[in-house]
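So the chains spell out like this:
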There are 2 protein chains.
Amino acid sequence: MMLVKLGGSVITDKTQYRTFREDVLSRLVGEIVSAGKEVVLIHGAGSFGHVLASEHHIQNGYTDESQIPAAAKVMEDVRDLNLRVMRVLNDGGLPSASLPPSAVATLRSGELDELNVDLFRRYLEVGICPVTFGDVALDSERRFGICSGDHLMERLARELRPERVIFVSDIDGVFTADPSSDPDAMLIEVVDRTILDSLPRTQRCADVTGSIFGKIEKMLRIASWGGDAIVLNGNVPGRLGAALRGEAVRGSRVRGDAI
Amino acid sequence: MMLVKLGGSVITDKTQYRTFREDVLSRLVGEIVSAGKEVVLIHGAGSFGHVLASEHHIQNGYTDESQIPAAAKVMEDVRDLNLRVMRVLNDGGLPSASLPPSAVATLRSGELDELNVDLFRRYLEVGICPVTFGDVALDSERRFGICSGDHLMERLARELRPERVIFVSDIDGVFTADPSSDPDAMLIEVVDRTILDSLPRTQRCADVTGSIFGKIEKMLRIASWGGDAIVLNGNVPGRLGAALRGEAVRGSRVRGDAI
C-alpha cells in the first residue's frame, strides 16, 4: 500500500480563498490509476481551510464564542474541497470514500489523539480507497483545533506501514533555499535530521499547520516508520506515477530517524 | 435536546435525481434557530441517494464488482446533499458539524452495528449542532449497505434520550390512506402499534430504506425510548418551530411500545 499526501498547494491555489485546481488533480488521479497500486490518500486543505482558520486562530483552540461559527464554517469549506476531490477520484476510476478528521479523529492539546485507523483498513479490504484531509477536529483540552494532513500522515504511516510514503508538493522537493526567489537554491536529494539545521529560515505562505520546518520534522518521523519516503513535484506530469511504480524520479528522499 | 429528522422528501425532490429544495430547508433552519433549542439533526438522502443506491442494490450488500464504484458514487452524492445542507445551517446561524455514517457508523447484516454516539455528545458540548444523514456504510457481513436516517434516529434516541423526537415529513402525518390519491384519507392523530395493521398497503416512491410500514415500525421503537415523538409537515411554515417550542401542532403523535 502507498500512502500519498496531495499537498494543499498542489490541488488548490493557496494564495486565493477556495480556488480548486481540478485539472492538476485530474492528471494526478490518472497517474495513480495507471500505476495500479493500492493507495490511501490524504489531501491538504489549502486555501479552503487555512485562510479562515488562521483568521480565527482555530489552530490554538477555543478562546471566544465567535470561533464557534468560524470552526463550523472551516469544516464546511474543507468538505467543499474534499467533495470536489472525491468527484475527480470517482470519475477518474478510483472508487473512494471520504473519512473526515472531524468525524474520525480527535485531538489532545493540538496533537492527534484518536484516529479510527481500522476504518481505513476496512475500506481498503472492500476495494475502496480511503481519503482523509486537513480539517477541524474536536480537542479534549482546547475544545477544537486543526488536524493537519501531516498529523494524519504520521499516524497512518505508523499504523498501516505503507510500502512507500509520497508527499506531492508544488516544488521539486526540499531545497537549500527558496527556489522561487534564490537562483542558487539546490535540491537536497536526501533529507535527514542533520540537513534540518542548515535550512534557510523563510516561510512562503501563512499556514495554520506550521512552517516547512514543522513539515520536515514530521516527514522525518513519518519516514522512521520503515517506508521509503519521498517529496516530489506534482505539477510535473509523470513524477507521481513513476514514484508509485518504484522508478527513480527527481525529488527529495527522506531518511527517517532510527527507532 | 431535540432530535429532528428532516425527511429526504422535504429537503429534496424525491422523484428527480439530485434536486435540492434549498428554500424549504432555509425556512426550516430559521424555525430551528428561532426556537432556541439544542438540536441534533438527521436528514434523509432523498433523490441524492435512493435513485443510484436502488439501481445498484447497495441496500442488499455486495453481490458483484460493479457495485464498488456505485457505492462510492452514492457516498459522493449524499455528501453533495449534506454539504448543501451544512451551508444552509451555517449561513442560517446554526453552527453545525457533519458526521457521515460512512465515517462514524458500521452495519452488521444491514442493521446498524457501531455508531460513535460520544462524538455527537462532544459536539453538543462545544456548542456545535451534530448533523448526520442517510449514507452508505461498511457492513461486517455484507461489505457495505445503507445506513438510513431512521436507523440513526433509533440509535440516537436510545442513547441520547431527547426531550422530543420530530419527524419532518412532506405530509401532515400518518394517514388512514394515501392523502394524495384518496380524498377520504384521514390523519391519525395518535399512532401506536394497533394502528399499524389497519394501514393501507401502498407505497408512494421507491426507497432503499423500506416502505412507510418499516418507517412506522422504527418510529414506534424510537418513541419507546421515552421521548415524545411527532410526525409533522415541514412544507407548512411554523409547524416545526411550534413543535420545538412544545406547542400543539397538526401532526401524528407516536406512542411507543412499553419497554
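Structure: see above.
Description of the structure in this document. (Residues numbered from 1 in each chain as written. Chains lettered and ligands numbered in written order. Predicted model: local features only at pLDDT ≥ 70, side-chain atom pairs only at ≥ 80, totals over all residues. Heavy atoms only, no water.)

## Notes on the interface of chain A and chain B
Part 1 of the reasoning: Listed as interface residues are 37 residues of chain A and, on the opposing side, 37 residues of chain B.
Part 2 of the reasoning: The contact between chain A and chain B buries some 3,000 Å² in all, and 62% of this surface belongs to carbon and sulfur atoms.
Part 3 of the reasoning: In terms of surface lost to chain B, no three residues of chain A exceed Glu76, Arg122 and Leu138 of chain A, which account for 20% of the buried area on that side.
Part 4 of the reasoning: Our enumeration of links across chain A and chain B arrives at six salt bridges.
Part 5 of the reasoning: Here arginine 87 of chain A makes a salt bridge to aspartate 80 of chain B, at a shortest N to O gap of 3.1 Å.
Part 6 of the reasoning: Our count for the chain A to chain B interface comes out at eleven residue pairs in polar contact (both at pLDDT 80 or more).
Part 7 of the reasoning: Contributions of two or more residues to the side of chain A that touches chain B are made by helix H4 (67-91), strand S3 (96-98), helix H5 (101-104), helix H6 (117-126), strand S7 (135-139) and strand S8 (143-147) of chain A.
Part 8 of the reasoning: No other element matches the 14 residues that H4 of chain A contributes to the side of chain A that touches chain B. (Contact = heavy atoms within 4.5 Å. Buried area = accessible area lost by both parts, 1.4 Å probe. Salt bridge = Lys/Arg side-chain N within 4 Å of Asp/Glu carboxyl O. Polar contact = N/O pair within 3.5 Å; in protein donor to acceptor, adjacent residues only side chain to side chain. Helix = DSSP H or I, 4+ residues; strand = E, 2+ residues; numbered from the N terminus.)

## Quick notes on the relation of the copies chain A and chain B
Between the two copies of the chain lies a rotation about an axis combined with a shift along it.
Part 1 of the reasoning: Rotating chain A by 180 degrees and moving it 0.0 Å along the rotation axis overlays it on chain B with an RMSD of 0.0 Å. The symmetry that links the two subunits is that of a two-fold axis.
Part 2 of the reasoning: A share of 100% of the interface residues of chain A reappears at the interface of chain B, consistent with the copies meeting face to face through the same patch. (Least-squares fit on C-alpha atoms with pLDDT ≥ 70 in both.)

## Thoughts on the packing of H6 of chain A against helix H7 (residues 149-160) of chain A
Residues and elements named next belong to chain A.
Part 1 of the reasoning: Relative to each other, H6 and H7 sit at 65 degrees, their axes nearing to 10 Å. It follows that H6 is roughly perpendicular to H7 by the angle criterion. Where H6 crosses over H7, the two elements pack in a sense that is right-handed. Here Val117, Phe120 and Arg121 of H6 lie close against H7, whose contacting residues are Arg155, Leu156, Glu159 and Leu160.
Part 2 of the reasoning: Among the residues making up the contact of H6 with H7, the classes are represented as four nonpolar, no polar and three charged. (Axes fitted to C-alpha atoms, helices over the stretch in contact; angles between N-to-C directions. Parallel < 35°, antiparallel > 145°, perpendicular 65-115°, else oblique. Left-handed = near helix turned anticlockwise from the far one by under 90°. Nonpolar A, V, L, I, M, F, W, Y, C, P; charged D, E, K, R; others polar.)

## Here's the deal with the pattern of salt bridges
Any two side chains of opposite charge can pair, so long as their charged atoms come close to each other.
All names here are of chain A.
Part 1 of the reasoning: One pass over the structure, following the stated rule, counts 39 salt bridges over all chains.
Part 2 of the reasoning: Across the pair arginine 221 and glutamate 154 runs a salt bridge whose closest N-O atoms are separated by 2.8 Å. Taken as a pair, arginine 221 in helix H9 (residues 212-224) and glutamate 154 in helix H7 lie far apart in primary sequence, 67 residues in all.
Part 3 of the reasoning: A relative accessible area of 18% means that glutamate 154 is categorised as buried. (Buried < 20%, exposed > 50% of the residue type's maximum accessible area, 1.4 Å probe, protein only.)

## Concerning the side chain of serine 47 of chain A
All names here are of chain A.
Part 1 of the reasoning: Mapped onto the fold, serine 47 is located in helix H3 (residues 46-55).
Part 2 of the reasoning: Note on serine 47: relative accessible area 1%, which makes it buried.
Part 3 of the reasoning: Here glutamine 16 takes part through its backbone oxygen, which lies 2.8 Å from a polar atom of the side chain of serine 47.
Part 4 of the reasoning: Within the structure, serine 47 has its side chain in polar contact with the backbone nitrogen of threonine 19 (distance 3.4 Å).
Part 5 of the reasoning: Residues in contact with serine 47, not counting those within four places in the same chain, are Thr12, Asp13, Lys14, Gln16, Tyr17, Arg18 and Thr19.

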